[in-house]
Amino acid sequence: MAVVSVSPDEKSGRGRSRRIPEEKSPLLPSKQEETGEFNGASFPGAVFNLSTTVVGAGIMSLPATMKVLGLVPGILLIIFFAFFTEASIDMLIKSSQAGKTVSYGGVMGDAFGRMGKVFIQLCIVVHTVGVLVVYMIIIGDVVSGTSSSGYHHSGVLEGWFGPHWWTGRFIVLLVSMLAVFAPLACFKRVVSLRYTSALSVALAVVFVVITAGIAIVKLLAGSIAMPKLFPSVPDSASVWNLFTVVPIVVTSYICHFNVHSIENELDDPSQIKPVVRVSIALCSTVYITTSFFGFLLFGESTLEDVLSNFDSDLGIPYSSLLNDAVRVSYAIHLMLVFPMIFHALRLNLDNLLFPSGSPLSSDKRRFGIITAALLSIIFLAANFIPSIWDAFQFTGATSSVCIGFIFPAAITLRDPHGISTKWGKILAVFMIAIAVISNAIAIYSDAYSIFHRSKASPEY
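Worth saying up front: this structure is predicted, and the values here are computed from it rather than measured.

Enquirer: I'd like a description of the overall build of the chain, backed by residues and values.
Expert: Helix and strand counts for the chain stand at 16 helices and 2 strands. Residue burial in the chain is summarised as follows: out of 460 residues, 57% are buried. In the chain, the proportion of contacts linking residues at least 24 apart, taken out of those at least 6 apart, comes to 81%. In the structure as shown, the chain presents an accessible area of about 19000 Å², 67% of it carried by carbon and sulfur atoms.

Enquirer: Which residues make up the pattern of salt bridges, and what are the values?
Expert: Here the structure, examined in full by the defined rule, presents 6 salt bridges. Measuring nitrogen to oxygen at the nearest pair gives 3.2 Å for the salt bridge that ties Glu86 to Arg277. Taken as a pair, Glu86 in helix α4 (residues 71–99) and Arg277 in helix α12 (residues 272–298) lie far apart in primary sequence, 191 residues in all. The class for Glu86 is partly exposed, based on a relative accessible area of 25%. For Arg277, a relative accessible area of 44% puts it in the partly exposed group. A salt bridge links Glu300 to Lys228; the nearest nitrogen and oxygen atoms lie 3.8 Å apart. With a gap of 72 residues between them, Glu300 in the loop between α12 and α13 (319–353) and Lys228 in the loop between α8 (194–220) and α9 (236–242) connect regions that are remote in the sequence. Overall, Lys228 belongs to the partly exposed group, its relative accessible area being 26%. The structure contains a network of salt bridges with shared partners spanning Asp90, Lys94 and Lys273.

Enquirer: Which residues make up the packing of aromatic side chains, and what are the values?
Expert: All chains considered together, the criterion is met by 15 aromatic pairs. Centroid distance Phe84 to Phe430: 5.8 Å. Interplanar angle 90 degrees. Geometry classified as edge-to-face. Here the residue Phe84 occupies a position in helix α4, and Phe430 occupies one in helix α16 (residues 422–456), the gap between them amounting to 346 residues. Note on Phe84: relative accessible area 6%, which makes it buried. When the centroid spacing of 5.3 Å and the interplanar angle of 75 degrees are considered together, the rings of Tyr253 and Tyr287 count as edge-to-face. In this pair, Tyr253 is assigned in helix α10 (residues 246–253) and Tyr287 in helix α12, connecting sequence segments 34 residues apart.

Enquirer: Describe the packing of helix α5 (residues 104–144) against α13, with residues and values.
Expert: Contact pair α5 / α13: the axes reach a minimum separation of 9 Å and the direction vectors enclose 155 degrees. When the interaxial angle is binned, α5 and α13 end up roughly antiparallel. Judged by the sense of rotation from one axis to the other, the crossing of α5 with α13 is left-handed. Of the residues assigned to the contact of α5 with α13, the class counts are 22 nonpolar, 4 polar and 2 charged.

Enquirer: Break down the environment of Val326 for me, citing the residues and quoting the values.
Expert: Considering the arrangement of structural elements, one finds Val326 in helix α13. In sequence terms Val326 and Val206 are 120 residues apart; their C-alpha atoms lie 7.7 Å from each other. In contact with Val326, not counting residues within four places along its chain, are Phe207, Ile210, Leu307 and Phe310.

Enquirer: An account of a nonpolar patch on the surface is needed here, citing residue identities and associated values.
Expert: Taken together, the side chains of Val72, Leu76, Ile79, Phe83, Met226, Leu229 and Phe230 present a nonpolar region at the surface, about 680 Å² in accessible area. Mapped onto the secondary structure, Val72 falls in helix α4.

Enquirer: Let's hear about helix α2 (residues 43–54): which residues, and what values?
Expert: Given a rise of 1.5 Å per residue, 12 residues ought to cover 16 Å, and the 17 Å separating the end C-alpha atoms of α2 matches this to within 8%. By the criterion of burial, α2 is predominantly enclosed, with 9 of the 12 residues buried. Taken residue by residue, α2 has Gly45, Ala46, Val47, Asn49, Leu50, Ser51, Thr52, Thr53 and Val54 as its buried positions. Residues of α2 that are buried sit in contact with α8, α10, α11 (256–265), α12 and α13. Put simply, Ser42 is the residue that caps the front of α2, since its side-chain oxygen is 3.2 Å from the backbone nitrogen of Gly45.

How each quantity is defined
Residues numbered from 1 in each chain as written. Predicted model: local features only at pLDDT ≥ 70, side-chain atom pairs only at ≥ 80, totals over all residues. Heavy atoms only, no water. Helix = DSSP H or I, 4+ residues; strand = E, 2+ residues; numbered from the N terminus. Buried < 20%, exposed > 50% of the residue type's maximum accessible area, 1.4 Å probe, protein only. Contact = heavy atoms within 4.5 Å. Areas by Shrake-Rupley, 256 points an atom, 1.4 Å probe, with all protein chains shown as cover. Salt bridge = Lys/Arg side-chain N within 4 Å of Asp/Glu carboxyl O. Phe/Tyr/Trp six-rings, centres within 6.5 Å; stacked < 30°, edge-to-face > 60°. Axes fitted to C-alpha atoms, helices over the stretch in contact; angles between N-to-C directions. Parallel < 35°, antiparallel > 145°, perpendicular 65-115°, else oblique. Left-handed = near helix turned anticlockwise from the far one by under 90°. Nonpolar A, V, L, I, M, F, W, Y, C, P; charged D, E, K, R; others polar. Patch = residues over 30% accessible without salt bridge, like charges linked within 9 Å, V, L, I, M, F, W, Y side chains within 5 Å. Expected span 1.5 Å × (residues − 1). Polar contact = N/O pair within 3.5 Å; in protein donor to acceptor, adjacent residues only side chain to side chain.

Have a look at this one:
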């Protein structure tokens, strides 16, 4: 993500002013710009791409946050961070327009210099690697099964064919990487993924509809009770534990690193704010619905990855078929989300390693090496990290909160172009305070929990 200038005289194929990078624009082939083959992405395509960036693996952990918080505080927290996310993206867009930059790194560089740009790129790399590892973990859990909760939950293939060497996690993830992730990761434009993004959003909706339908049928039949509305806090440790869900919700909304890529490819870049609003509203609806019905369906048995709950008899007709439909549809959804996040990871890592290099699209050798190296690292990590909760807490409490809230607020307070309002600066201070305090408590609570868990473990 280089800091680039904008030429207002350049026009798109439909006569609107387009933001054309004049310096270095990784992954944006200049040949297409010169020949006029690319006329800009549409509004629906941009909404699908941004929504796909948001609705990834985070949705799978949200029902578990309801188990910690209860339904009322949990849903309010989702809504709260939805507004915070829109506000923080608006801060980025305004600063980007004032400084005529076309990337998140460019905005940070404009406000804080070279070190600011490097720091945000490092955070994006850490966050995106963590998220992509989580995607692979979930796909492994769904297709081959998991025992991370202390009880073995069978995967789809194991349920269909029984345990075999080729139904194991390693083989499943290897085949997924070679057959799906690698080909999709080779696309060099975000707009090229608009159809897979639309399909991924549709599959997420399918997951929500099936989960809600099962929960409603069981509720009407009287086979499940209304889950708790508020958390139980019998002691001080329980109070600290409530804050551990904050990084999970924060991570679920992080899409800031792809906003500029989507804006730069829009046919009318001024539509980026409506695109953000529609995407956040759509994703919040999906999150609230999934959280409510997922927790309603499984109650206190809700696992950290709710997909793992769909491996037993649901107590309704066609239970096995519905289980498989839910798990397979969401596994495919994550496979289609993967390249959207990978796009930002590769772009930022390349600019960190080769800040003065030629555009990545013009160097096939560098493009191939970086792509293969990143896929290999993510694949290996997914085979050694057992729980998505652990991965989410780490990325959510560190890089994610910086990308989503601390850095946009810091840019607003720095205000290099004198555009920030008094209310904007007050909101920025509040945003930083909430982010720092809640995540400091979450990190402390996680460390406290790990320490006491290790003390309680028997020694042999």
